[in-house]
Amino acid sequence: MIHIAFVIDTIESATAGTERQLLHLLERLDRTRFAPVLCVLRPSDWIEQSVLPCPVYNVSIRGFKHPASIAGIGKFSGFLRGRRIDVVQTHFRDSTIASVCASRLAGKVPVIATRRNQGYWQTGLDKRLQPILNRLTTAFIANSRSTMDKMVRDEGIAPERIRIIPNGLDLSKFPWPMNGDRESTRQALGMSRDEISVGIVANLRPIKRHDLLIEAAAIVRGRHPNARFHLFGDGDEREKLEALVRERALDGVIRFHGRCENVPAMLPGLDIGVLCSDSESMSNAVIEYMAAGLPVVATNVGGVGETIVDGVTGSLVPAGDYSGLANAIARFAADASLRNTTGQSGRRKAEGYSLDQCVAAHESLYAAIAGSAQ
């Protein structure tokens, strides 16, 4: 039996991309071979209220500026020794710092660092700290070729230390052809029968650039008066974005739905899926759009171009180009046949991102790392 500690800062919701991928993995790991435990640096209401698929350990580290964090790392190292943890897998910066330190104290337990973004958030201090963490990390998981290439180019990490494991999708939640009642879904979401529904699923954060979609909506609206735009997600940018909607006189054209707990049930109501981020490693939303048979319009950043085949499963536009975003959306809005054929191609592409394949790739890596540490 291989004992694995999955370490993450916390989980506030199951809807965020990294958190959702981790929870899927915890649910699907072969329990005859692997014994997982979820380790969180700090608790959350969501964790306390949820039934999770494995034991949970509270590391009790809220930051590294407080002296109590040293005691927390010492306690965590004792946990790793006591539970005879064979492999530690980390998510996000703080969990990696805590895990690297604790694993060293516990006798150099192998650490796998997960990379699901391209470090857009890093400060100067982070960039100075990263090489130290990299040297003390056993292996890395990148969810796109683009992210792996960036790690090799910018951080000097040897390619053989990196395993590319794309995000996995539970295709059973996206039956094909889509059998959901489109009309009832649209009615529940407040969509009219004849509107062209353009949707984005993303937390309202600056990196997601919802402002580009709002600017694009003003252009598309002039060409297609029946176009409506639906934003699914929440975050600190909401007030600012709502102000921009009013400024562009788009009240009634753009709707904020808030956090979406059931994306597969909502997607059949849309006609077009959008991603307009400035940085991505691999987008869960893009794969979900394609699984639901939607044409996708997305900014060509990070690993997005590995997922979308431009002109086949969707359209790629340069980052920051709201005019290009508008033109691509307008093309799909004008042609139902194009939406249909592009959506079908996207569905076929999405079937290559099965959750079973993703889990199997992780299990293979755990077995190799634990075996080499013997």
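See the structure printed just above.
Below you will find a few notes about this structure. Source: prediction; values computed, not measured.

### A few points about the packing of helix α3 (residues 68–82) against helix α4 (residues 93–105)
In helix packing, the relevant descriptors are the interaxial angle and the interaxial distance, both defined with respect to the helix axes.
Step number 1: At a closest axis distance of 8 Å, the pairing of α3 and α4 adopts a crossing angle of 60°. As summarised for this structure, α3 and α4 are arranged oblique, according to the angle between their axes. Taken as a pair, α3 and α4 cross one another with a handedness that is right-handed. Taken together, the residues of α4 that come into contact with α3 (itself represented by Ile73, Gly74, Phe76, Ser77, Leu80 and Arg81) are Ala98, Ser99, Cys101, Ala102, Ser103 and Leu105.
Step number 2: Counted by class, the contact of α3 with α4 contains 7 nonpolar, 4 polar and 1 charged residues.

### Focus on the pairing of strand β9 (residues 227–232)
Step number 1: β9 sits mainly inside the fold: 5 of its 6 residues count as buried.
Step number 2: Relative to β9, strand β8 (residues 196–201) runs parallel, the two sharing 6 bridges. Opposite Val198, over in β9, you have Phe229 as the bridge partner.
Step number 3: Taking the sense of rotation as the criterion, the β-α-β connection linking β8, helix α8 (residues 210–223) and β9 turns out right-handed.
Step number 4: As judged from the 4 bridges shared by β9 and strand β10 (residues 254–258), these two strands associate in the parallel manner. When the sheet's bridge partners are listed, Leu231 is paired in β10 with Phe256.
Step number 5: This β-α-β element, β9 to helix α9 (residues 238–247) to β10, shows right-handed connectivity.

### Examining the nonpolar core
Step number 1: One finds Phe229, Ile254, Leu267, Leu325 and Ile329 to be the most contacted residues of the largest nonpolar core, which totals 62 residues.
Step number 2: Leave out the neighbours within four places in its chain, and Ile254 touches Ile214, Ala217, Phe229, Leu231 and Val245.
Step number 3: Grouped together as the second largest cluster of nonpolar side chains are 28 residues, Leu38, Cys54, Ile141 and Leu365 included.

### A look at the sheet that holds β8
Step number 1: If you walk across this open sheet you meet the 6 strands as β10-β9-β8-β11-β12-β13, and the pairing is parallel. The open sheet has two edge strands with one neighbour each: β10 and β13 (314–317). Averaged over all pairs of adjacent strands, the angle between their axes in this sheet comes to 20°, without regard to strand direction.
Step number 2: Sheet analysis places strand β12 (residues 296–299) next to β13, joined by 4 bridges and oriented parallel.

### Thoughts on the packing of aromatic side chains
Step number 1: A complete count under the given rule lists 5 aromatic pairs for this structure.
Step number 2: Relative to Phe79, the ring of Tyr57 has its centre 3.9 Å away and its plane inclined at 10°; by these criteria the two rings are stacked. Of the two residues, Tyr57 sits in strand β3 (residues 56–58) while Phe79 sits in helix α3, which places them 22 residues apart along the sequence.
Step number 3: When its relative accessible area of 12% is taken as the criterion, Phe79 is described as buried.
Step number 4: Pairwise contacts between aromatic rings join Phe6, Phe34 and Tyr366 into one cluster.

### Describing the environment of Pro53
Step number 1: As for its position among the elements, Pro53 is in the loop between α2 (45–49) and β3.
Step number 2: Spatially, the C-alpha atom of Pro53 lies 13 Å from that of Ala5, the residues being 48 residues apart in sequence.
Step number 3: If sequence neighbours within four positions are ignored, Pro53 has contacts with Leu26, Glu27 and Arg31.

About the cut-offs
What you see as residue numbers is a count from 1 along each chain, following the sequence as written. Side-chain atom pairs in this predicted model are given and counted only at pLDDT of 80 or more, local residue features only at pLDDT of at least 70, and totals for whole chains, interfaces and linings cover all residues. Side-chain descriptors were evaluated using all non-hydrogen atoms of the structure, hydrogens and water having been removed beforehand. Axes here refer to lines fitted to C-alpha atoms; in helices the fit is confined to the stretch in contact. Angles between the N-to-C directions go from 0 to 180 degrees. Helix numbers and strand numbers start at the N terminus; a helix is a DSSP run of H or I with at least 4 residues, a strand a run of E with at least 2. For this classification, under 35 degrees means roughly parallel, over 145 means roughly antiparallel, 65 to 115 means roughly perpendicular, and everything else is oblique. By convention the crossing between two helices is left-handed if the near helix lies anticlockwise of the far one by an angle smaller than a right angle, and right-handed if it lies clockwise. What makes two residues a contact is simply this: any of their non-hydrogen atoms within 4.5 Å. Residue type decides the class: Asp, Glu, Lys and Arg count as charged, Ala, Val, Leu, Ile, Met, Phe, Trp, Tyr, Cys and Pro as nonpolar, and the leftover types, Gly among them, as polar. Residue exposure (1.4 Å probe, protein chains only): buried if accessible area is under 20% of the type maximum, exposed if over 50%, otherwise partly exposed. Between any two strands, at least two bridges found by DSSP are needed for them to pair. Think of it like this: strands point away, you trace from the first strand over the helix to the second, and a clockwise trace means the crossover is right-handed. The nonpolar core is taken to be a set of buried Ala, Val, Leu, Ile, Met, Phe, Trp, Tyr and Cys residues, with the residues joined through side-chain atoms within 4.5 Å. Here the aromatic set is Phe, Tyr and Trp, taking the six-membered ring for Trp, and pairing holds for ring centres within 6.5 Å; pairs whose planes are under 30 degrees apart are stacked, those over 60 apart are edge-to-face, and all others are tilted.

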